[in-house]
Amino acid sequence: MSEAAARWRAVRDLVDAECRRLERDPAGVTLIVVTKFHPVEMISELLEAGARDFGESRHQDASLKAEALAGQDLTWHFVGQIQSNKARAIAKYADVLHSLDRDSVVDALATAERRVQGFIELNLTDDPGRGGVNSADEMLRLAERISSTETIDLRGVMAVAPLGDDPVAAFDRVATLSSILTQAHPHATDISAGMSADWEAALAAGATHLRIGTSITGNRPIPR
Ligand SMILES: *Cc1c(COP(=O)(O)O)cnc(C)c1O
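Treat the numbers as computed from the prediction; the structure is a model and nothing was measured.

Caption draft 1: The nonpolar core, seen in detail. Leu46, Phe54, Leu97, Leu122 and Leu210 are the most contacted members of the largest nonpolar core, which has 62 residues in total. For Phe54, the residues in contact, after removing those within four places along its chain, are Ile32, Val33, Thr35, Ile43, Leu46, Leu47, Leu74, Thr75, Trp76 and His77.

Caption draft 2: How the structure looks around helix α6 (residues 136–147). Between the first and last C-alpha of α6 there are 16 Å, a value that for twelve residues agrees with the 16 Å anticipated at 1.5 Å per step. Among the residues of α6, Met139, Leu142, Ala143 and Ile146 are the ones counted as buried. Projection of α6 onto a plane perpendicular to its axis shows the buried side chains occupying an angular sector of 105°, all on one side. For α6, the exposed residues set more than 90 degrees away from the buried face come down to Asp137 and Arg141.

Caption draft 3: Fine view of the pattern of salt bridges. Across all of its chains, the model carries 13 salt bridges by this definition. With its nearest N and O atoms 2.8 Å apart, the salt bridge here joins Asp107 to Arg145. Of this pair, Asp107 sits in helix α5 (residues 103–109) while Arg145 is found in helix α6, placing the two residues 38 residues apart along the sequence. By relative accessible area, Arg145 is classed as partly exposed at 33%. In this structure, Asp190 and Arg155 form a salt bridge, with 2.4 Å as the shortest nitrogen-oxygen distance. Of this pair, Asp190 sits in strand β7 (residues 190–192) while Arg155 is found in strand β6 (residues 152–159), placing the two residues 35 residues apart along the sequence. Here Arg155 falls in the partly exposed class, since its relative accessible area comes to 22%. A single network of salt bridges, built from pairs that share partners, joins Asp103, Asp107 and Arg145.

Caption draft 4: Focus on helix α3 (residues 59–68). Buried residues of α3: His59, Asp61, Ala62, Lys65 and Ala66, and no others. Looking down the long axis of α3, one finds its buried residues gathered within 160° of arc, a one-sided arrangement. Turned more than 90 degrees away from the buried face of α3 sit Gln60, Leu64, Glu67 and Ala68, all of them exposed. Considering only its buried residues, α3 is in contact with α2 (40–49), β2 (53–56), β3 (75–78) and α4 (87–93).

Caption draft 5: Seen up close, a negative patch on the surface. A cluster of acidic side chains, namely Asp126, Asp127, Asp165, Asp166 and Asp172, defines a negative patch on the protein surface. Looking at where Asp127 falls in the secondary structure, it is placed in the loop between β5 (116–122) and α6. Given the relative accessible area of 37%, Asp127 is considered partly exposed.

Caption draft 6: Fine view of the site of the ligand. For the ligand, the full set of nearby residues is Val34, Lys36, Val79, Met158, Met195, Ser196, Arg211, Ile212, Gly213, Thr214 and Arg220. Side-chain polar atom of Arg211 to a nitrogen atom of the ligand: 2.9 Å apart, as the coordinates give it. Look at the ligand: alone it shows 380 Å² of surface, and the protein chains cover 86% of it. The class makeup of the residues in the shell around the ligand is five nonpolar, three polar and three charged.

Caption draft 7: Representation of the environment of Leu97 in the model. By secondary structure assignment, the location of Leu97 is in strand β4 (residues 96–100). Sequence-distant contacts of Leu97, that is, excluding residues within four places in its chain, are made with Phe78, Ile82, Ile90, Leu109, Val116, Gln117, Gly118 and Phe119.

Caption draft 8: Fine view of the packing of aromatic side chains. Applying the stated rule across the entire model yields one aromatic pair. Look at Phe54 and Trp76: their rings are 6.2 Å apart centre to centre, the planes differ by 50°, and that puts the pair in the tilted class. Here Phe54, found in strand β2, pairs with Trp76, found in strand β3; they are 22 residues apart in sequence, far enough to count as distant. Here Phe54 falls in the buried class, since its relative accessible area comes to 0%.

Reading the values: the criteria
- Residues numbered from 1 in each chain as written.
- Predicted model: local features only at pLDDT ≥ 70, side-chain atom pairs only at ≥ 80, totals over all residues.
- Heavy atoms only, no water.
- Core = buried A, V, L, I, M, F, W, Y, C linked by side-chain atoms within 4.5 Å.
- Buried < 20%, exposed > 50% of the residue type's maximum accessible area, 1.4 Å probe, protein only.
- Contact = heavy atoms within 4.5 Å.
- Helix = DSSP H or I, 4+ residues; strand = E, 2+ residues; numbered from the N terminus.
- Expected span 1.5 Å × (residues − 1).
- Arc of directions from axis to C-beta.
- Salt bridge = Lys/Arg side-chain N within 4 Å of Asp/Glu carboxyl O.
- Patch = residues over 30% accessible without salt bridge, like charges linked within 9 Å, V, L, I, M, F, W, Y side chains within 5 Å.
- Areas by Shrake-Rupley, 256 points an atom, 1.4 Å probe, with all protein chains shown as cover.
- Lys, Arg positive; Asp, Glu negative; His and termini not counted.
- Charge placed at Lys NZ, Arg CZ, Asp CG, Glu CD.
- Near = heavy atom within 4 Å.
- Polar contact = N/O pair within 3.5 Å; in protein donor to acceptor, adjacent residues only side chain to side chain.
- Nonpolar A, V, L, I, M, F, W, Y, C, P; charged D, E, K, R; others polar.
- Phe/Tyr/Trp six-rings, centres within 6.5 Å; stacked < 30°, edge-to-face > 60°.

Encoded structure:
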């Protein structure tokens, strides 16, 4: 087994154990391996070991990897910023888009050639220019727009805990916003939150999708 595959197995075991401690069903938690900047060979090794969910953040890299692994039994998650002029192209290979954050992206996906799953990205920082919606109102408005498309199945909310802040407080806010969303959209119960450094806090706050990179892949090569 490759090092990455061994680390994936170890992280999955930790996540399963933590789920049992929290009295949650491990099957209800999707572990996404974020493979950005790593070669397609690593994804093949992880597939061989049993991993099925992979996350990428840059369209060009992601599309090449998806092409190289076409026909394999895996789910692609797009976790990076989405440019509206790339949205339809991303929807060709990405099954789940975690970073829906504005009308223009949703409008572009409304004409996608197939149905995708989507999360609304929440901006938890004080900087309104960062990706993600900035308030509950903005979230609900975007959710309405998503629901009016025939191509996006709204799954829930996604967030990145701000660097240096207390992740427990950040994920508390995510849980609150998630419950506001589900009041209007009862099926949109999923929460995409938690990375290598803070997944335990995210899981405790109800995360259903963990996006783990470096703990599994090792350090990322410097992006070209
Ligand atoms: C890179 C990335 C991750 C994984 O981060 P690690 O700290 O390496 O686990 C998760 N989510 C998003 C949106 C990312 O860009």
